[in-house]
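# Per-entry structural report
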Amino acid sequence: MLISKMAAEGGGKEMNEIKTQFTTREGVYKLLTHSEYSRPNRVPFNSQGSNPVKVSFVNVNDQSGNGDRICFNVGRELYFYIYKGVRKAADLSKPIDKRIYKGTQPTCHDFNHLTATAESVSLLVGFSAGQVQLIDPIKKETSKLFNEERLIDKSRVTCVKWVPGSESLFLVSHASGNMYLYNVEHTCGTTAPHYQLLKQGENYSVHTCKSKSTRNPLLKWTVGEGALNEFAFSPDGKFLACVSQDGFLRVFNFDAVELHGTMKSYFGGLLCVCWSPDGKYIVAGGEDDLVTVWSFLDCRVIARGHGHKSWVSVVAFDHYTTSVEESDPMEFSGSDEDFQDQMIHFGRDRANSTQSRLSKRNSTDSRPVSVTYRFGSVGQDTQLCLWDLTEDILFPHLPLSRTRTHTNVMNATSPPAGATLITNASSNTTNGNNSGANTPGINSVSTTLPRSNSLPHSAGTTTTTANNTNKAGSGGGIGSGMMDSAIATGVSKFATLSLHDRKERHHEKDHKRNHSMGHISSKSSDKLNLLTKTKTDPAKTLGTLLCPRMEDVPLLEPLICKKIAHERLTVLIFLEDCLVTACQEGFICTWARPGKVVRLIVIPKPSQLSQWNSSIATIFLLLKNPATQSLMLLFTLQALQVFLFLFFIFF
């Protein structure tokens, strides 16, 4: 009993240790302590009752080579610095701009990358009281304040982003569940806006502002129930993915104002969302502690990832670490080391280069291309997780790629005897919408699904849906198939036990959220919301294409899962030579990619030089003192006597 207790305590200490580096197959990522950004006093911020720390980057194409700029909010404060990354140490004594707000707090911000220059940048800042401010931190000017009198929306701003390709349009989401489209060139008016219905669908509606002259907001979106926590534009800017407190991911055609597809979380609200570099996949995270991968083309969940112990606060794709390999039709012979040397190749090009390489996959002229997507997540459990989305998950019905990955697959390509196949007719009404978008039908997928980076699922699981169900006939290799099936069944039951039984054993209120902010809910007083508010029964969505059961989709395990902070993590951004994280204490950390570590030379400040000079002068004065010299001589003689005494005793 004592031994087990000591082992448990030792394991707990190891798990609670803050990591300063971690290793993936491309190398070692290292935390650069000199590149840490925070408030100038570097004192941890008391995060109770404050909004999450957020970080935004912009490049102003400065001729000096330091073109990156960073903006971050901590409590009521907003900072704007030159970001030196892995090259030089951060100098927090001279921010380009610093603002302290009274009565409200910054909640989110976004730069306009189209108009950014070395002399001027346009920065949108959303606030907890509902306003949106347009500022220029280089010129230290405040251009405009939108929703100043809170006539448009009184709830907290949850996300603000410039519309891709536009110099004047931006989109703002609120905790009321509403989104508003603004134009920086228009005013907001002195009275509450009146709206007229433009388009309505299942759990969403879009209204235009009815006025004699053009005014803000141009459009009002009412989406789902509860807070609209985050949204993200697709890489081409044509589609918009939104995640809400009601647990739904909704993807819209932004220009056509039409619903493309939906997805439901396993339970709880969804808090974050991001797109893959080529726009084919969407990853969402939230209060179910999972990361969920959704196919944009098939409008279905293709995988879930389990690694976090609390709410997932941020998900992001790494555009610079992508494995793209052209398959060689020749048979390979050689050692495993030679195989890995020839096959493993990680590209770290810019996002447009990554998209061009990913597009090779659908090209009929080129050889088959193997793609591995890398994405990351951070959560309120203070952990950073990195994930690989591999071909055996993306295309389980195709033969496995020759690429060696950290993926364990058992019977992923051919169903054993007695397995059930799920087929679905090609239809746009799969998710209950009639958007008319050209969404391909879902291909036949065996329920013998792979578990990437983990253990295989049960091969004997049978799932029934409202669509056609076909039984697979028995094939060859019955003996080995039955053995693999039996092993997979037992292993998968054990591996997924915690996920299946967790909801039954513990009530949702007992869920561990040691670092969570708590549930924030707000009700909109706008009566127009009553048009689209319809309660969705979670029991009816579980087991459908909206929310498949855990055993119906592959379960990813993270490549790495490391505790990197003391407080909940709120930021994860992938840059070319590093990745950036931030915690609620107000510390923004830079992690150098493998091979990108630069030896930083810390140049002391003039005040530090004077202190050092005075210390050295004091030492020299002491050495010149006769009393000090006599003491040093006495100590030297005593040490010599001890040495001679020991020498004669032993020799």
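Residues numbered from 1 in each chain as written. Predicted model: local features only at pLDDT ≥ 70, side-chain atom pairs only at ≥ 80, totals over all residues. Heavy atoms only, no water.

## Quick look at unusual backbone geometry
In this chain, Asn216 is followed by Pro217 through a cis amide linkage whose omega measures -5°. Checked against the element boundaries, Pro217 lands in the loop between β15 (204-209) and β16 (219-223). (Helix = DSSP H or I, 4+ residues; strand = E, 2+ residues; numbered from the N terminus.)

## Remarks on the confidence of the model for the protein
Scored by pLDDT, the protein comes out at a mean of 75, with 64% of its residues at no less than 70. Per-residue pLDDT stays below 50 along residues 1-11; that stretch engages in 0 contacts with residues further than four places along the chain or on separate chains. Low pLDDT, under 50, characterises residues 400-533; the stretch is placed with 241 contacts to residues that sit more than four places away or in other chains. (pLDDT = per-residue confidence, 0-100. Contact = heavy atoms within 4.5 Å.)

## So, the pairing of β16
Every regular strand shows the same layout, with side chains that alternate between the two sheet faces. Counting buried residues along β16, 5 of its 5 residues qualify, which places the element largely inside the surrounding structure. Pairing analysis gives 4 bridges linking strand β13 (residues 178-183) to β16, with the strands arranged antiparallel. Note that in β16 the partner of Tyr180 across the bridge is Lys220. Pairing between β15 and β16: 5 bridges, direction antiparallel. Opposite Val206, over in β16, you have Trp221 as the bridge partner. (Buried < 20%, exposed > 50% of the residue type's maximum accessible area, 1.4 Å probe, protein only. Pairing = 2+ DSSP bridges.)

## Brief notes about the UniProt feature "repeat: WD" (unreviewed entry) in the protein
Mapped onto this numbering, the UniProt entry gives "repeat: WD" (unreviewed entry) at residues 263-295. Span residues 263-295 is 0% helix and 61% strand, its end C-alpha atoms 10 Å apart. (UniProt positions renumbered as here; feature names shortened; annotations may be inferred.)

## Regarding the nonpolar core
Counting residues in each nonpolar core, the largest one holds 22 residues, and the members touching the most others are Tyr37, Val55, Ile70, Phe72, Tyr83 and Ile588. Looking at this core, the elements that each hand over two or more residues are β2 (27-37), β3 (55-59), β4 (68-74), β5 (77-82), β35 (578-583) and β36 (588-592). Once residues lying within four places of it in the same chain are set aside, the contact partners of Phe72 are Tyr37, Ser38, Arg39, Lys54, Val55, Glu77, Leu78, Tyr79, Tyr81, His109 and Ile588. Counting residues in each nonpolar core, the second largest holds 20 residues, with Cys272, Val291, Val315 and Cys385 among its members. (Core = buried A, V, L, I, M, F, W, Y, C linked by side-chain atoms within 4.5 Å.)

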